[in-house]
Amino acid sequence: MTTADTITMRRPDDWHLHLRDGAMLKTVIDDTARHFGRAIVMPNLVPPVVTMAQAIAYRRRIEAALPDGSGFTPLMTLYLTENTDPSDVAEAHKSGTATAVKLYPAGATTNSDSGVRDFEAVRGVLEVMEKIGMPLLIHGEVTDPDIDIFDREAVFIHRHLTRLLREHPGLRIVLEHTTTEDAVAFVESAGGRVGATITPHHLVINRNALFAGGIRPHHFCLPIAKREKHRLALRKAATSGNPAFFLGTDSAPHTIHTKEAECGCAGIYNAPTAMATYTQVFEDEGALDRLEAFTSINGPKFYGLPANESEITLVRDTPAEEADRTLPDSAGVRVFQPSNLNWRVADS
Ligand code: NCD
Ligand code: ZN
């Protein structure tokens, strides 16, 4: 139900999330569990979540960190390496332990060193996934240092993705955290076999935000924000009603001191403000009637899961600025805080 000042809709899910581990996990999980029903949990821990046994253990740690009575469900992913055992992947899928497999090109982003260098080496795993209908989630950037950082997504699409789809005609793919008009065009032309997540931050900042009056480490994430024309293409795709596009925050907490550093970490922590940001974008684009499909329907449909039965309400209000989150050792985590938000999630 939508009135001028409230929106009540099916509870959203987050189809791309970093929950981390240990003290960070305990500090951040409530921000996601408060708003989202389920989340696809990224496996880029140190060491990465490669096997079914590791995914079971990680899921237990997540469940133990959840507040009492939380209805939140983590959907686990396996980190694809060149040594991944196809039968372990099949078993993890069959038993319901893992929902998807994540492909990081080696060196593309935070904790991706064990990722894939040679696509030939993972052919056997991909063939099994094709057969059992398990989605492959891709960090779509080349790592070739000769390629300009702003071109790495577009080059990945042209160099690898077209071929991957041709060689694995049954494989379902999610192109994660898309940031370019090239990615939007590719997904639109793939006929439903390829889904795409879009983050809140890539809908509201472009690459100028990284250098507004000085260097802005809290706007640094990967894939890096691109030119304005790409941001506009993402807003159009997200609000278009095309079911291939769905919510994935890529909320990726790092401590303030590891971001404000000589070599600062990539990742934006947006879990607390994500739903308000998406809602504002859809309102500004005159597309509030399509918000629920993007946040709560298209994702489950792509993954073959039912949409959530429970609901969430957003109210028109100027939300208070979110304070930094604080870890037990008193390190802080900065929350992504867009200006001009006119919505907040009502307390449930
Ligand atoms: C993510 C992280 O910190 O784990 N960082 C980021 O900038 N998005 C990794 C990723 O999704 O690329
Ligand atoms: Zn991510």
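Structure's up top.
Residues numbered from 1 in each chain as written. Chains lettered and ligands numbered in written order. Predicted model: local features only at pLDDT ≥ 70, side-chain atom pairs only at ≥ 80, totals over all residues. Heavy atoms only, no water.

**Student:** Help me out: how do you make sense of the pattern of salt bridges in this one?
**Tutor:** Pairs can form between side chains of opposite charge once their charged atoms are near each other. Summed over the entire model, instances satisfying the criterion amount to 18 salt bridges. The shortest N-O distance in the salt bridge between aspartate 21 and arginine 61 comes to 2.8 Å. Taken as a pair, aspartate 21 in the loop between strand S2 (14–17) and helix H1 (22–35) and arginine 61 in helix H2 (residues 52–65) lie far apart in primary sequence, 40 residues in all. On the basis of relative accessibility, which here comes to 34%, the residue arginine 61 falls in the partly exposed class. Here glutamate 167 makes a salt bridge to arginine 163, at a shortest N to O gap of 3.0 Å. Here glutamate 167 pairs with arginine 163, and both are found in helix H5 (residues 152–167), just four residues apart, close to one helical turn. (Salt bridge = Lys/Arg side-chain N within 4 Å of Asp/Glu carboxyl O. Helix = DSSP H or I, 4+ residues; strand = E, 2+ residues; numbered from the N terminus. Buried < 20%, exposed > 50% of the residue type's maximum accessible area, 1.4 Å probe, protein only.)

**Student:** What exactly am I supposed to notice about the sheet that holds strand S1 (residues 6–10) here?
**Tutor:** Strand pairing in a sheet is mediated by backbone hydrogen bonds. Such pairs are either parallel or antiparallel. Judged by pairing direction, the sheet is antiparallel, and its three strands sit side by side in the order S1-S10-S13 without closing on themselves. At either margin of the open sheet sits one strand with a lone partner, and together these are S1 and strand S13 (343–345). Across the sheet, the axes of successive neighbouring strands diverge by a mean angle of 25°, strand direction being ignored. When S1 meets strand S10 (residues 311–316), the two strands line up antiparallel, connected through five bridges. Following the sheet pairing, threonine 8 is matched in S10 by threonine 313. Packing against the sheet, helix H10 (residues 274–284) makes contact with S1, S10 and S13, and its axis sits at approximately 140° to S13. (Pairing = 2+ DSSP bridges. Axes fitted to C-alpha atoms, helices over the stretch in contact; angles between N-to-C directions. Contact = heavy atoms within 4.5 Å.)

**Student:** It is not clear to me how the coordination of the zinc ion (ligand 2) should be interpreted in this structure. Could you clarify?
**Tutor:** Ideal values differ by geometry: the angle at a metal is 109.5 degrees with four tetrahedral donors, but 90 or 180 degrees with six octahedral donors. Taken together, His16 (NE2), His18 (NE2) and Asp250 (OD) make up the full set of protein donors to the zinc ion (ligand 2), lying 2.0 Å away. Note that the zinc ion (ligand 2) binds four donor atoms; their angles at the metal cover 94 to 137°, and the shape is irregular. Going along the chain, you hit the donors of the zinc ion (ligand 2) in the pattern H-x1-H-x231-D. Look at histidine 18 and you get buried, because its relative accessible area is 6%. (Donors = N, O, S within 2.8 Å, 3.2 Å for Na, K, Ca; no water. Tetrahedral: all angles 85-135°; square planar, octahedral: opposite > 155°, others 65-115°.)

**Student:** How do you make sense of the site of ligand 1 when you look at a structure like this?
**Tutor:** Neighbouring ligand 1 are 15 residues; Arg20, Asn44, Thr109, Leu222 and Asp250 lie closest to it. Contact between ligand 1 and histidine 18: an oxygen atom at 3.1 Å from a side-chain N or O atom of the residue. Backbone polar atom of leucine 222 to an oxygen atom of ligand 1: 2.7 Å apart, as the coordinates give it. Bound to the protein, ligand 1 loses 100% of the 320 Å² it would expose on its own. Partitioned by chemical class, the residues of the shell around ligand 1 number four nonpolar, nine polar and two charged. (Near = heavy atom within 4 Å. Polar contact = N/O pair within 3.5 Å; in protein donor to acceptor, adjacent residues only side chain to side chain. Areas by Shrake-Rupley, 256 points an atom, 1.4 Å probe, with all protein chains shown as cover. Nonpolar A, V, L, I, M, F, W, Y, C, P; charged D, E, K, R; others polar.)

**Student:** I'm lost on the state of the cysteines in this one. Help?
**Tutor:** Think of a disulfide as a covalent bridge from one cysteine sulfur atom to another cysteine sulfur atom. As enumerated under the stated definition, the model contains zero disulfides in all. In this structure cysteine 221 is not part of a disulfide, and its nearest cysteine sulfur, from cysteine 265, lies 13 Å away. The closest cysteine sulfur to the non-disulfide-bonded cysteine 263 is located on cysteine 265, 7.6 Å from its own sulfur. The class of cysteine 263 is exposed, set by a relative accessible area of 67%. (Disulfide = S-S within 2.5 Å.)

**Student:** Can you help me understand the pairing of strand S5 (residues 98–103) in this one?
**Tutor:** Regular strands place their side chains on alternate faces of the sheet. Where burial is concerned, most of S5 is hidden: six out of the six residues are buried. Direction of pairing for strand S4 (residues 73–79) relative to S5: parallel, over a ladder of four bridges. Its bridge partner lying in S5, methionine 76 is registered against alanine 98. In terms of handedness, the path from S4 via helix H3 (residues 86–94) over to S5 forms a crossover that is right-handed. Crossover handedness for the path S5 to helix H4 (residues 123–132) to strand S6 (residues 136–138): right-handed. (Right-handed = clockwise from strand over helix to strand, strands pointing away.)

**Student:** So what exactly am I meant to see when it comes to the pairing of S10 here?
**Tutor:** Across three bridges, S10 lies against S13 in antiparallel orientation. Counted as the bridge partner of leucine 314 is valine 345 from S13.

**Student:** Which parts of the structure should I look at to understand the packing of aromatic side chains?
**Tutor:** What characterises a pair of aromatic rings is the spacing of the ring centres plus the angle enclosed by the ring planes. The full count for this structure, using the stated rule, is eight aromatic pairs. On the basis of an interplanar angle of 35° and a centroid distance of 5.2 Å, the ring pair of tyrosine 79 and tyrosine 104 is categorised as tilted. With tyrosine 79 in strand S4 and tyrosine 104 in the loop between S5 and H4, the pair connects residues that are 25 residues apart, well separated along the chain. Connected via pairs of aromatic rings, a cluster forms that spans Trp15, Phe246, Phe302 and Tyr303. Seen from the ring of phenylalanine 302, arginine 172 lies directly overhead, with NZ or CZ sitting 4.1 Å from the centre. Between arginine 207 and the ring centre of phenylalanine 150, over which it is positioned, the NZ or CZ distance is 4.6 Å. (Phe/Tyr/Trp six-rings, centres within 6.5 Å; stacked < 30°, edge-to-face > 60°. Lys NZ or Arg CZ within 6 Å of the ring centre and 35° of its normal.)

Note that every value here comes from positions in space, so none of it alone points to a role or purpose.
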